[in-house]
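Commentary on secondary and tertiary structure
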Amino acid sequence: MTRKFFGTDGIRGRTNQMPMTAAMAQRIGQAAGAHFVRGNHRHRVVVGKDTRLSGYMMESALISGFTSVGMDVVMVGPMPTPAVAMLARSMRADLGVMISASHNPYLDNGIKLFGPDGYKLTDADEGAIEKLLEDEPRLAPAPEIGRARKIEDARGRYIHAAKLTFPEHLRLDGIKVVVDCANGAAYQVAPAALWELGAEVVAIGVSPNGMNINDGCGSTDTRLLQATVVEAGADIGIALDGDADRLIVVDETGRVVDGDQLMALITSAWHRRGTLRGGGLVATVMSNLGLERFVEGLGLKLERTTVGDRYVLETMRAKGFNVGGEQSGHIILSEYATTGDGLVAALQVLAELVVSGKRASELLRLFEPLPQLLKNVRFEGAAKPLDAAPVQAAIAEGEARLSGTGRLLIRKSGTEPLIRVMAEGEDERLVAEVVDQICDAVRAAA
C-alpha cells in the first residue's frame, strides 16, 4: 500500500505546511487515538517532544485530538525518543507519541508513534491510521472526553533505566566525557546520567532556545564536539541528535567514529561475553563493506536491510538478533530498548573503554573502511528525477564502472526531498567520479 503521510520514520515535514500543521496534528491525534481505543479500560497516550519551537503548537494540537476521542494524555515534556517508547510500555499506555524531526533543522517537525509494546507502529497500523484520516473523527461523548496531565518524574525514570544498562560492577570515575546534546531532547538527561555514573562531564549543546536544535552541533555536525574534546583533553566525545536516538563518537584526537565502527565494537564485545544473539548483527545497505568483512572475520554474519531503523528492527525481531543499526548512528540494542537509543549505545562504548583500558582512538578502529562517498541532491515539488532517462543512463554507467570492485546505491530519502547517491569501492578516485556524474545528472533532471 502506498502511504500518503507516513515515511520511514513517522510523519515529517516543514512546520505550518501540510502535513505538519496544527489542524493535521489534531486529526492525527484523533485518528491514532480512535485506532488504539480498544476495550473498556481508561485509555492513555504518552506524549513527548524535543526542543524545537513548533513543539508547543504540535503538542497542544495532538492533545486536543487525543482527548476529543476519549484518550487521557500524559505529557513528559522534552525527552529522547527512546524514553517515550520506554515510558509508553512501562506506564501501560496504549500509545506513545514523540514530536520531533530528529536531525532536521528546527523549521521542520514530525510525529513518531509507538504501540503499547514500545515498538514503532507496523505498516498495517500506519495504514489503518491513514485511512481514518480520510473519515470524520469518531468523537467521544462529552462525559468520556480525555484528561491531560504532566508527570514530573519522567526524566528520573529514563535516567534510571539508562543507567541500568551499564554494567553494575563498572564506574566511569576518571573518564572525561564531552557530550553534545544538539540543543535537543537529551539536554538534561544525558549529562545527568553520565555524571551519576562517575564521569567528569563537559556538556555542550545544552542551551536550547527553540531554534538552535541541530544547528552547528550534534551528530550531524561534529565540528564543535571535535574541537571541544581536543581543547578539554577529554577521553571521548559523544554526539546525539535532536531526539537522541542516534549516536556518533569522537575519539580523544578529535577523529569522528561512525555507527559502523560502534556496531563493530559492540558486536565483538557481546560476542566475546557470550551475550550476542542471532549469530551477528543487522545493518543497512549503507554500511561499509569493511564492517561486513570484520564481522565475517569473527565467524559471524551481517544481515543487510533497506535504509531505515524500522527495517533493521523488523529483521532483528524476525531473526533473533539483538544488535543492529545504521552507519548514521541509529544503534538498536534490543536487550535494553525497543528503538535506537544514543545514550544507551554510548554507555556500551564507555563500558568497553573502561574494561579495555585503551584510548578511544585504539578501541574504536576495528576495521579499515573502504572508500565510500555519499552525496545528497535536493529536488523540489513532485519532481521524480530518478525516472529521467539521463539519470538512468548515468546510474547504469556507474554500475558498469564499479562492477567487481565496488557497489552503488541510489535512493530517495524517506524523510526529506533528497536523492541520496552513495558509491563504495577499492578505488577512491573512481568512487568520487561515479558519484559526481550521477549527482550532476540528478540536478539537471530535478
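Nothing here was measured: the structure is a model prediction, and the numbers come from that model.

Quick notes on the overall build of the protein chain
Counting its secondary structure elements, the protein chain contains 14 helices and 18 strands. Each principal axis of the C-alpha distribution contributes one length, and for the protein chain these read about 65 × 60 × 40 Å. When each of the 446 residues of the protein chain is scored for burial, the buried share is 59%. Within the protein chain, residue pairs in contact and separated by at least 24 positions form 71% of the contacts whose partners lie at least 6 positions apart. When the accessible surface of the protein chain is split by element, carbon and sulfur atoms take 50% of a total near 18,100 Å². Positive and negative side-chain charges of the protein chain, numbering 49 and 56 respectively, have mean locations separated by a distance of 4 Å.

A few points about the sheet that holds strand 12 (residues 280–284)
Whenever strands of a sheet pair, they do so through backbone hydrogen bonds, lying parallel or antiparallel. Spatially, four strands are ordered 13-12-14-15 in an open sheet, and the strand pairing comes out mixed. Of all the strands in the sheet, the pair left with one neighbour each is strand 13 (301–305) and strand 15 (331–333). Each strand axis lies, on average, 20 degrees off the axis of its neighbour in the sheet, ignoring direction. Examined bridge by bridge, strand 12 and strand 14 (residues 323–325) share two bridges and lie parallel to one another. Bridged to valine 282 within strand 14 is glycine 324. Packing of helix 8 (residues 259–273) onto the sheet brings it into contact with strand 12, strand 14 and strand 15, and relative to strand 15 it is tilted by some 20 degrees.

Section: the pairing of strand 4 (residues 95–99)
For strand 4, the tally of buried residues reaches five of five residues, placing the bulk of the element in the interior. Here strand 4 shows two buried faces, one formed by Leu95, Val97 and Ile99 and the other by Gly96 and Met98. Inspection of the sheet shows strand 2 (residues 44–49) paired to strand 4 by five bridges, in the parallel sense. Residue pairing for strand 4: valine 45 is matched across the bridge by leucine 95.

Section: the packing of helix 8 against helix 11 (residues 342–356)
The axes of two packed helices give the description: the angle between them and the distance between them. Remark: helix 8 packs on helix 11, axes separated minimally by 10 Å, with the N-to-C direction vectors making an angle of 65 degrees. For the pair helix 8 and helix 11, the crossing hand works out as left-handed. Contacts from Leu262, Leu265, Ile266, Ala269, Trp270, Arg272 and Arg273 of helix 8 reach helix 11 at Ala345, Gln348, Val349 and Glu352. Residue classes in the contact of helix 8 with helix 11 are distributed as seven nonpolar, one polar and three charged.

Here we look at the UniProt feature "active site" (unreviewed entry) in the protein chain
Within the UniProt annotation, "active site" (unreviewed entry) is assigned to Ser102. Residue class for serine 102 comes out buried when judged on its relative accessible area of 1%. Each residue touching serine 102, except ones within four places of it in the same chain, is listed here: Arg12, Asp50, Arg52, Lys112, Asn214, Asp241, Gly242, Asp243 and Asp245.

Some details on helix 11
In this model, helix 11 (15 residues) spans 21 Å end to end at C-alpha, consistent with the 21 Å of a helix rising 1.5 Å per residue. Counting buried positions along helix 11 yields twelve of 15 residues, so the element is predominantly enclosed. Within helix 11 the residues assigned to the buried category are Gly342, Leu343, Val344, Ala345, Ala346, Leu347, Gln348, Val349, Leu350, Ala351, Glu352 and Leu353. After helix 11 finishes, the residue glycine 357 shows a positive phi value of roughly 70 degrees.

Considering the domain arrangement of the protein chain
What the domain assignment lists for the protein chain is domain 1 (11–151), domain 2 (155–369) and domain 3 (372–445). When each unit is reduced to the centre of its C-alpha atoms, the spacing between domain 2 and domain 3 is 29 Å. Summing both partners gives a buried area of about 690 Å² for domain 2 against domain 3, and 51% of it is carried by carbon and sulfur. Residue glutamate 426 pairs with arginine 293 through a salt bridge whose shortest N-O separation is 3.5 Å. Within the side of domain 2 that touches domain 3, the residues separate by chemical class into four nonpolar, three polar and two charged.

Analysis parameters
- Residues numbered from 1 in each chain as written.
- Predicted model: local features only at pLDDT ≥ 70, side-chain atom pairs only at ≥ 80, totals over all residues.
- Heavy atoms only, no water.
- Helix = DSSP H or I, 4+ residues; strand = E, 2+ residues; numbered from the N terminus.
- Buried < 20%, exposed > 50% of the residue type's maximum accessible area, 1.4 Å probe, protein only.
- Contact = heavy atoms within 4.5 Å.
- Areas by Shrake-Rupley, 256 points an atom, 1.4 Å probe, with all protein chains shown as cover.
- Lys, Arg positive; Asp, Glu negative; His and termini not counted.
- Charge placed at Lys NZ, Arg CZ, Asp CG, Glu CD.
- Pairing = 2+ DSSP bridges.
- Axes fitted to C-alpha atoms, helices over the stretch in contact; angles between N-to-C directions.
- Left-handed = near helix turned anticlockwise from the far one by under 90°.
- Nonpolar A, V, L, I, M, F, W, Y, C, P; charged D, E, K, R; others polar.
- UniProt positions renumbered as here; feature names shortened; annotations may be inferred.
- Expected span 1.5 Å × (residues − 1).
- Domains from an automatic or database assignment.
- Buried area = accessible area lost by both parts, 1.4 Å probe.
- Salt bridge = Lys/Arg side-chain N within 4 Å of Asp/Glu carboxyl O.

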